[in-house]
Amino acid sequence: MAEENRTNICRLARQHQEHGTHKMNINKTCCCCGGHAYGKQWWNRDRGYSLCGLCGDWLAKKETPEEMHSNYGKRGVHWDAKLK
Ligand SMILES: [Zn+2]
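Attention here is on the structure that accompanies the text. Worth saying up front: this structure is predicted, and the values here are computed from it rather than measured.

Tallying secondary structure elements over the protein gives three helices and three strands in all. Starting at the N terminus and ending at the C terminus, the protein contains elements arranged as α-β-β-β-α-α. Relative to its 84 residues, the protein shows a buried fraction of 20%. Sequence separation of 24 or more characterises 36% of the internal contacts of the protein that already satisfy a separation of 6 or more.

Structure (structure tokens):
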């Protein structure tokens, strides 16, 4: 399954390059620390912004899982996603 996901990500990245829509990739800026973050765009986040793992861990101590999901989406998908 992981292999399949990686293949899909590669195929999507190639399609986006071909169509010149580089902004569709999962490279984001962390809305909290301004560092690199990876994830799909979450509707409740500003375009191009996501959350890095470190800030997510920190915020998870202050916010409920419901708030986290509402604000940042799903971990591993919309934030703290891994490219491997
Ligand atoms: Zn951060």
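Before going further, it helps to examine the environment of Gly56. Within the secondary structure, Gly56 is located in helix H2 (residues 53-60). Looking at Gly56, the number of C-beta atoms within 10 Å reads 20, which means it is buried. The spatial distance from the C-alpha of Gly56 to the C-alpha of Arg75 is 8.4 Å, given a sequence separation of 19 residues.

Below, the discussion takes up the pairing of strand E1 (residues 27-30). Relative to strand E2 (residues 36-38), E1 runs antiparallel, the two sharing three bridges. Paired with Thr29 across the two strands is His36, which belongs to E2. Bridging between E1 and strand E3 (residues 49-50) involves two bridges; their strand directions are parallel. Residue pairing in the sheet places Thr29 in a bridge with Tyr49 of E3.

Right, let's talk about the environment of Cys55 for a bit. Secondary-structure assignment places Cys55 in helix H2. Accessibility expressed as a C-beta count within 10 Å gives 20 for Cys55, which makes it buried. Separated by 24 residues in the primary sequence, Cys55 and Cys31 place their C-alpha atoms 9.0 Å from one another. Beyond its immediate stretch of four places on either side in the chain, Cys55 contacts Cys30, Cys32 and Cys33.

Calculation criteria
- Residues numbered from 1 in each chain as written.
- Predicted model: local features only at pLDDT ≥ 70, side-chain atom pairs only at ≥ 80, totals over all residues.
- Helix = DSSP H or I, 4+ residues; strand = E, 2+ residues; numbered from the N terminus.
- Buried ≥ 20, exposed ≤ 12 C-beta atoms within 10 Å, placed from the backbone.
- Contact = placed C-beta atoms within 7 Å.
- Pairing = 2+ DSSP bridges.

In short, shape yes, function no, at least from these values alone.
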